[in-house]
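Single-letter residue listing:
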Amino acid sequence: MELRQLKYFIKAAELQNFTEAANGLFITQSTLSQQIKQLEDELGIPLFDRIAKRVRLTEAGKTFLPFAIKTVKDAEDGKSMLKDLMNLDIGTLTIGVTYGLTDLLTKAILDFSNSYPNIHLQIGFGTTQDLLSKLEQGRLDLMLSFSQEEKAGSYNTEPLFSSCLALIVHQSHPIALRKQINIKHLESLPLLLPSGGYSIRNYLDGLLDKHDLSLDIKMEVNDINALLQLVSSGRWATILMGSSIFNYPSLKAIKITGEGMNRLATVTWPAGSYRKKSARLLIGILKDLATDYHVNN
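Residues numbered from 1 in each chain as written. Predicted model: local features only at pLDDT ≥ 70, side-chain atom pairs only at ≥ 80, totals over all residues. Heavy atoms only, no water.

## Describing a nonpolar patch on the surface
Consideration 1: Together, Met1, Leu43 and Ile45 line one region of the surface with nonpolar side chains, adding up to about 250 Å² of accessible area.
Consideration 2: Within the secondary structure layout, Leu43 lies in helix H3 (residues 29–43). (Patch = residues over 30% accessible without salt bridge, like charges linked within 9 Å, V, L, I, M, F, W, Y side chains within 5 Å. Areas by Shrake-Rupley, 256 points an atom, 1.4 Å probe, with all protein chains shown as cover. Salt bridge = Lys/Arg side-chain N within 4 Å of Asp/Glu carboxyl O. Helix = DSSP H or I, 4+ residues; strand = E, 2+ residues; numbered from the N terminus.)

This is the structure in structure tokens:
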């Protein structure tokens, strides 16, 4: 069993198509098919059902996939550890981030890239739920998000800074001059909210239940940029973290008061995985910058 065979298997499982997987791996389809067949012969059981031009994992394939992912990840961690021991400031760092922490990460990357120009960064955006899935699959070295419940054995979190939920409005909105508003006074406002899947929506729903409140929700949007563009029209307000409006100077964040309004911005690591030197250096920069975010957001 070879690492390349496991990598081919993982890619084919992800795309459920041998042709697309081969293209993504820059090999021929015949090479991919041959290597996966050799892997299946060694294991003594089919990993894929071949159906016309598409493939799907057999029960054995579904069982084997997480072990294949872990094996490849462990090998990559071993290579990273050796590079760190040789003090080579090279390699790739893969980061997942939720929208509300984009501004903080951008500032950190500017400093980081000046000091370590040979580190290749891969940055992906998504909901907390999507990014946690990628983290557990070994596809991310770390993720930045607002706090979520920790599952034992899957990942570890550490705090960056504390931030308060905010009512986001356009500067022309009738309540834009207010500095804060109690959560109980939001019931009469027409609101747009993030869709389920965003951790902030799940957190907000829990707060509403706790305070026995019902909001006037006009629309749910599964893209934060689109949501903020709609709020920029001045017709609606939304509820997000105050750090979310970094790219929208016409919007204002009004602090929401009440029990449970503060959330922690966190860095989340895969449990049991080697933490690359580059990741530790980046987090050091993030923590230095986070002091200002705690004050301003």
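Back to the text.
## Considerations on the nonpolar core
Consideration 1: Formed by 65 residues in total, the largest nonpolar core has its most connected members in Leu142, Leu144, Leu167, Leu186, Leu228, Ile239 and Ile256.
Consideration 2: Ranked by residues supplied to this core, first place goes to strand S6 (residues 155–170) with 8 residues. (Core = buried A, V, L, I, M, F, W, Y, C linked by side-chain atoms within 4.5 Å. Buried < 20%, exposed > 50% of the residue type's maximum accessible area, 1.4 Å probe, protein only.)

## A short note on the environment of Leu215
Consideration 1: The topology assignment puts Leu215 in the loop between helix H7 (199–211) and strand S9 (216–221).
Consideration 2: Between the C-alpha atoms of Leu215 and Asp205, which are 10 residues apart in sequence, the distance is 10.0 Å.
Consideration 3: In this view, Leu215 contacts Leu186, Glu187, Leu191, Leu208 and Ile239; residues no more than four positions away in its chain are not counted. (Contact = heavy atoms within 4.5 Å.)

## Observations regarding the packing of helix H2 (residues 18–25) against H3
Consideration 1: Viewed as axis vectors pointing N to C, H2 and H3 meet at an angle of 105°, and their least axial separation amounts to 8 Å. What the angle tells us is that H2 and H3 run roughly perpendicular. Residues Phe18, Thr19, Ala21, Ala22 and Leu25 of H2 lie in contact with H3, whose contacting residues are Gln29, Leu32, Ser33 and Ile36.
Consideration 2: Across the contact of H2 with H3, the residue classes break down as 6 nonpolar, 3 polar and no charged. (Axes fitted to C-alpha atoms, helices over the stretch in contact; angles between N-to-C directions. Parallel < 35°, antiparallel > 145°, perpendicular 65-115°, else oblique. Nonpolar A, V, L, I, M, F, W, Y, C, P; charged D, E, K, R; others polar.)

## Digging into the pairing of strand S12 (residues 262–270)
Consideration 1: With 7 of its 9 residues buried, S12 lies for the most part within the structure.
Consideration 2: Sheet topology places strand S5 (residues 142–146) next to S12; 4 bridges connect them, and they run antiparallel. Among the inter-strand pairings, Met143 is bridged to a residue of S12, identified as Thr268.
Consideration 3: Judged from the 9 bridges that link them, S6 and S12 form a sheet pairing that is antiparallel. (Pairing = 2+ DSSP bridges.)

## A closer look at the confidence of the model for the chain
Consideration 1: Residues at a pLDDT of 70 or more form 95% of the chain, whose mean pLDDT is 89.
Consideration 2: Here helix H9 (residues 277–296) stands out as the least confident element of the chain, with mean pLDDT 81; strand S10 (residues 237–241) is the most confident, with 95. (pLDDT = per-residue confidence, 0-100.)

## Quick look at unusual backbone geometry
Consideration 1: Positive phi, close to 55°, is recorded for Gln16, a residue that is not glycine.
Consideration 2: Accessibility expressed as a relative area gives 40% for Gln16, which makes it partly exposed.
Consideration 3: In the Ramachandran plot, Phe26 falls in the positive-phi region, its phi being about 60° despite a non-glycine side chain.
Consideration 4: Tracing the sequence through the fold places Phe26 in the loop between H2 and H3.

## Let's talk about the packing of helix H1 (residues 3–15) against H3
Consideration 1: The interhelical angle for the contact between H1 and H3, taken along N-to-C directions, is 105°, at an axis separation of 9 Å. Between H1 and H3, the angle falls in the class roughly perpendicular. Residues Arg4, Gln5, Leu6, Tyr8, Phe9 and Ala12 of H1 touch H3, and the partners they reach there are Leu32, Gln35, Ile36, Gln38, Leu39 and Glu42.
Consideration 2: Along the lines of polarity and charge, the residues of the contact of H1 with H3 split into 7 nonpolar, 3 polar and 2 charged.

## Let's talk about the side chain of Arg201
Consideration 1: Take Arg201: it is sitting in helix H7.
Consideration 2: Classification of Arg201 as buried rests on a relative accessible area of 9%.
Consideration 3: Of note is the side chain of Arg201, whose polar atom sits 2.9 Å from the backbone oxygen of Pro194.
Consideration 4: For Arg201, the side chain forms a polar contact with the side chain of Glu220, separated by 2.7 Å.
Consideration 5: With residues up to four places along the chain from it excluded, the contact list for Arg201 reads Leu193, Pro194, Ser195, Gly196, Ile217 and Glu220. (Polar contact = N/O pair within 3.5 Å; in protein donor to acceptor, adjacent residues only side chain to side chain.)

## Quick notes on the packing of aromatic side chains
Consideration 1: Per the counting criterion, the structure on display carries 6 aromatic pairs.
Consideration 2: Here Phe9 and Phe64 contribute two aromatic rings whose centre-to-centre distance is 5.4 Å and whose plane-to-plane angle is 45°, an arrangement assigned as tilted. On the criterion of sequence distance, the pair formed by Phe9 in helix H1 and Phe64 in helix H4 (residues 59–85) is long-range, its members being 55 residues apart.
Consideration 3: Look at Phe146 and Phe161: their rings are 6.2 Å apart centre to centre, the planes differ by 85°, and that puts the pair in the edge-to-face class. Taken together, the residues span a long stretch of sequence, with Phe146 in strand S5 and Phe161 in strand S6 at a distance of 15 residues. Considered together, Phe146 and Phe161 belong to a single accessibility category, that of buried residues.
Consideration 4: Among the aromatic residues, those joined into a ring-pair cluster are Phe9, Phe18, Phe48 and Phe64.
Consideration 5: Taking NZ or CZ as reference, Arg263 lies 4.8 Å from the ring centre of Tyr203, over its face. (Phe/Tyr/Trp six-rings, centres within 6.5 Å; stacked < 30°, edge-to-face > 60°. Lys NZ or Arg CZ within 6 Å of the ring centre and 35° of its normal.)

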